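Structural characterization, general
As a plain string of letters, each chain reads:
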Amino acid sequence: VQRERIQRLKQHHLMAKSKREVSESSFDFLHYSIVDTFSSATRAHPEKDLELIGFQVGQKLAERYAKDKAVFENDLAVITFLCKDFWTEVYGKQMDKLRTNHKGVFELQDHRFRSVLRISTGPEGNAGDAAKKYLELPCGMVRGALTSLGLNASVRAETTGLPCVVFVVHVHESSRSIKQ
């Protein structure tokens, strides 16, 4: 009886892992397809369109993931939720590092960011430049999530060496809705 139970648990674990991998690869493919479609279209500013799509997705996801959470007491609690819970739901892992100057600037580091793992340099030869267009959507998602959680912020991504990505979040002082 014990062996059968262990065998069923192993099978359940393998099925769950398989579903998660399919979900992750579907998300990655959708992300790449959206970026490639908007980048190749005759749009004046495809980066703004990608950021707006990410913003709307981030807002909706943050509302969903935070609905059962207690009220966040300060900016750091919101950013911590984003690094741990939100990032885990979207990318399957927590952010690797969070740094702040305690004045509204946060650096969120993902040392192995899934969306740029498979970026090749192409003919131009610079992988960092090639990755930039794939970072607009996640920047928008972070900004949208923060807006949904009560923080008005600007977000930019920096690549120091792929696949490491640093998301720099600057919370706008005049629009903070959460008291320190």
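Since the structure is predicted, the reported quantities are computational estimates derived from the model, not experimental observations. (Residues numbered from 1 in each chain as written. Predicted model: local features only at pLDDT ≥ 70, side-chain atom pairs only at ≥ 80, totals over all residues. Heavy atoms only, no water.)

**A word on the nonpolar core**
Judged by nonpolar contacts, the single largest core of 42 residues is most densely connected at F86, W87, L108, F113, L146, F167 and V169. Those elements that place two or more of their residues in this core are α1 (2-40), α2 (46-66), α3 (75-91), β2 (105-110), α4 (127-148), β3 (153-161) and β4 (164-171). Sorting elements by how many residues they give to this core places α3 first, with 10 residues. Excluding its chain neighbours within four sequence positions, the residues that come into contact with V169 are I79, G104, V105, F106, L108, V142, L146, A153, S154 and V155. (Core = buried A, V, L, I, M, F, W, Y, C linked by side-chain atoms within 4.5 Å. Buried < 20%, exposed > 50% of the residue type's maximum accessible area, 1.4 Å probe, protein only. Helix = DSSP H or I, 4+ residues; strand = E, 2+ residues; numbered from the N terminus. Contact = heavy atoms within 4.5 Å.)

**Some words on α2**
Compared with an ideal rise of 1.5 Å per residue, which puts 21 residues at 30 Å, α2 spans 30 Å between its outermost C-alpha atoms and is within 8% of the ideal. Along α2, the positions that sit buried rather than exposed are P46, L50, E51, G54, F55, G58, L61, A62, Y65 and A66. (Expected span 1.5 Å × (residues − 1).)

**Focus: the environment of G104**
Here G104 is to be found in the loop between β1 (97-100) and β2. Taking the C-alpha atoms as reference points, G104 and V171, separated by 67 residues in sequence, lie 4.9 Å from one another.

**A word on the pairing of β2**
The pairing of β1 with β2 spans four bridges and is antiparallel. If you follow K97 over to β2, its bridge partner there is Q109. Where β1 folds back onto β2 in an antiparallel hairpin, the turn is made up of four residues, including H102, whose phi is positive at roughly 60°. Direction of pairing for β2 relative to β4: antiparallel, over a ladder of six bridges. By the bridge assignment, Q109 is partnered in β4 with V166. (Pairing = 2+ DSSP bridges.)

**Some words on the pattern of salt bridges**
For side chains of opposite charge, pairing can occur when their charged atoms come near one another. Counted according to the given criterion, the structure contains seven salt bridges. Here D28 ties to R114 by a salt bridge, and the two come within 2.9 Å at their closest N and O atoms. Placement of the pair is D28 in helix α1 and R114 in the loop between β2 and α4, with a sequence separation of 86 residues. The pair formed by D28 and R114 is uniform in burial state, with each residue classed as buried. Across the pair D85 and K69 runs a salt bridge, and its minimum N-O distance is 3.4 Å. Here D85 is found in helix α3, whereas its partner K69 is found in the loop between α2 and α3, with 16 residues between them in sequence. Residue class for D85 comes out partly exposed when judged on its relative accessible area of 31%. (Salt bridge = Lys/Arg side-chain N within 4 Å of Asp/Glu carboxyl O.)

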